[in-house]
Each structure stands twice: as C-alpha cells, then as structure tokens.
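Architecture and fold: a report
The primary structure of each chain is shown beneath.
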Amino acid sequence: NGDNSTCLDECGVPNGDNSSCSGCMDSDAANFDTEAIIDDGSCYYCDFEVCLSFGDEGELLYSSDINIGGFQFNFADGCITSLSAGDAVPAGWTVSTGAGVVLGFDFAGTVIPAGAGQLLNGVTCSESQLSGFTFSDADASQLSTGFASSCNGIVDCAGTCNGDAMVDDCGVCN
C-alpha cells in the first residue's frame, strides 16, 4: 500500500535515518553521549579543563566541567570579522574584540555554566590563528585550555594518531 510508517530505523523512528540515537559512544571522549546507541565517529578527546573545537558555520565551541568566569585570547588578522556571543554565553556578558584580542566577561560575575555549547559565533580562524588562551573560573583561577582532538592515543612526530614514526639519531622523523 506504499505506507512505510512501519519501517523503523535503529532508533525506533518511522522512516528515520538513525540520527536521533547516534553520537559518540566512547566514555573516555569529551563528548560522550550517554543516550547514543549508534557510534557516529564524532568522538573527540581533550586533556584540558576547557576544550575548544570549531563548528561547521563559524562557531567556536567549548566543553568544560568547570564554570567559566571569563576568557581572553589572541587572533590573527582577518579571521574574526563579525564576532557575537554564542548560545552558551549568558545575557549581560561583554564580548568584544580589538587589536587582535577577544575578551569575554561579566561585570556582575555571572559564569558560563559547566557543560558544552557555542562560545562564540563569527570565528573563521584555524587553530593556528588563535593563541594566548586565558580562561578563568569564577574565582579568577586560570583554567588549562586547548583544542580537542579526534585522536585517542599518541600522535607521532609525523602527526599521525597512534602512528609509529620516530625521530632517528639524525633528527629526522620517519
């Protein structure tokens, strides 16, 4: 009869595409999804208190188990042109740019809650164009900050995750 409403995907959704139950299933990953039943390969790993990554449309994303009281970092010319606060930044926060620096804080002391989300929009930089990260908690103690990686292992001298290249006696990576 042409009725496909009884065709359920693995998530139990009629005519679904499995996206509603897909996610990172590695409990060691920074973005572990407790509700995922299909691993979609999106896992990323981070050994920092504030993990950064880029979204698909100019977002700078964050993940942290600690409330963020403020942040500052440098950017290369031209990679931030129309910056705005992301969804995770509470109302009342000041986010500004000038002379190659981004600064975000709240005069009233409101924090970005621990969790994950969009920190900023309008960031078209690469990792190498951002530097000098200073993120702090509510008490102004500095938090370690860096970019998340899709590698859950050791990166060799050639930049390969779990690779076996080593620097030889002559200082050459092979």
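Higher on the page you've got the structure.
The following paragraphs examine the structure supplied in this document. This structure is a prediction, so every number in the text was calculated from the model and none was measured.

**Quick word on the environment of Asp28**
Relative to the helices and strands, Asp28 resides in the loop between strand 1 (22-23) and strand 2 (38-39). Since its relative accessible area comes to 59%, Asp28 is described here as exposed. Sequence separation between Asp28 and Tyr45 is 17 residues, and the spatial gap between their C-alpha atoms is 7.5 Å.

**Observations regarding the nonpolar core**
By size, the foremost hydrophobic cluster in this structure holds 24 residues, and its most contacted members are Phe71, Phe73, Ile112, Leu119 and Phe135. If you list the elements that add at least two residues to this core, you get strand 3 (50-54), strand 4 (59-64), strand 5 (70-75), strand 9 (115-123) and strand 10 (130-136). If we skip the residues at most four places from it in the chain, Leu119 touches Leu60, Leu61, Tyr62, Phe71, Ala85, Gly86, Val89, Ile112 and Phe135.

**Brief notes about the state of the cysteines**
Disulfide: a covalent bond connecting the sulfur atoms of a pair of cysteines. If you walk through the whole model with that rule in mind, you get five disulfides. Disulfide pairing places Cys24 opposite Cys43 at an S-S distance of 2.0 Å. Disulfide Cys24 to Cys43: torsion about the S-S bond roughly 105°, handedness right-handed. Placement of the pair is Cys24 in the loop between strand 1 and strand 2 and Cys43 in the loop between strand 2 and strand 3, with a sequence separation of 19 residues. Its relative accessible area of 1% is what places Cys24 among the buried residues. You can see Cys7 has no disulfide; the closest cysteine sulfur is in Cys11, sitting 15 Å from it. Just so you know, Cys170 is unpaired, no disulfide at all, and the nearest cysteine sulfur is the one on Cys173, 13 Å from it.

**Things to note about the environment of Val13**
Tracing the chain through its elements places Val13 in the segment before strand 1. For Val13, a relative accessible area of 33% translates into the label partly exposed. Sequence-wise, Val13 and Tyr62 are 49 residues apart; in three dimensions their C-alpha atoms are separated by 30 Å. Excluding anything up to four places from it in sequence, Val13 contacts Cys7, Leu8 and Ser20.

**A word on the sheet that holds strand 7 (residues 94-98)**
One open sheet accounts for five strands, arranged 7-8-5-10-11; its pairing is antiparallel. The open sheet has two free edges, formed respectively by strand 7 and strand 11 (142-143), since each of these has just one partner strand. With two bridges joining them, strand 10 and strand 11 adopt antiparallel strand pairing. Bridged to Phe135 within strand 11 is Leu143.

Calculation notes
- Note on numbering: residues in each chain are counted from 1, in written sequence order.
- Side-chain atom pairs in this predicted model are given and counted only at pLDDT of 80 or more, local residue features only at pLDDT of at least 70, and totals for whole chains, interfaces and linings cover all residues.
- Note that water and hydrogens are dropped before the side-chain values are worked out from all heavy atoms of the structure.
- Put simply, DSSP H or I for four residues or longer makes a helix, DSSP E for two residues or longer makes a strand, and each gets a number counted from the N terminus.
- Using a 1.4 Å probe on the protein chains alone, a residue whose accessible area is under 20% of its type maximum counts as buried, one over 50% counts as exposed, and one in between counts as partly exposed.
- The criterion is simple. A nonpolar core is a set of buried Ala, Val, Leu, Ile, Met, Phe, Trp, Tyr and Cys residues joined through side-chain atoms within 4.5 Å.
- Contacts: residue pairs with any heavy atoms within 4.5 Å of one another.
- Two cysteine sulfur atoms make up a disulfide if the distance between them is within 2.5 Å.
- Paired strands are those between which DSSP finds at least two bridges.

Just geometry here; none of it tells us what the structure is for.
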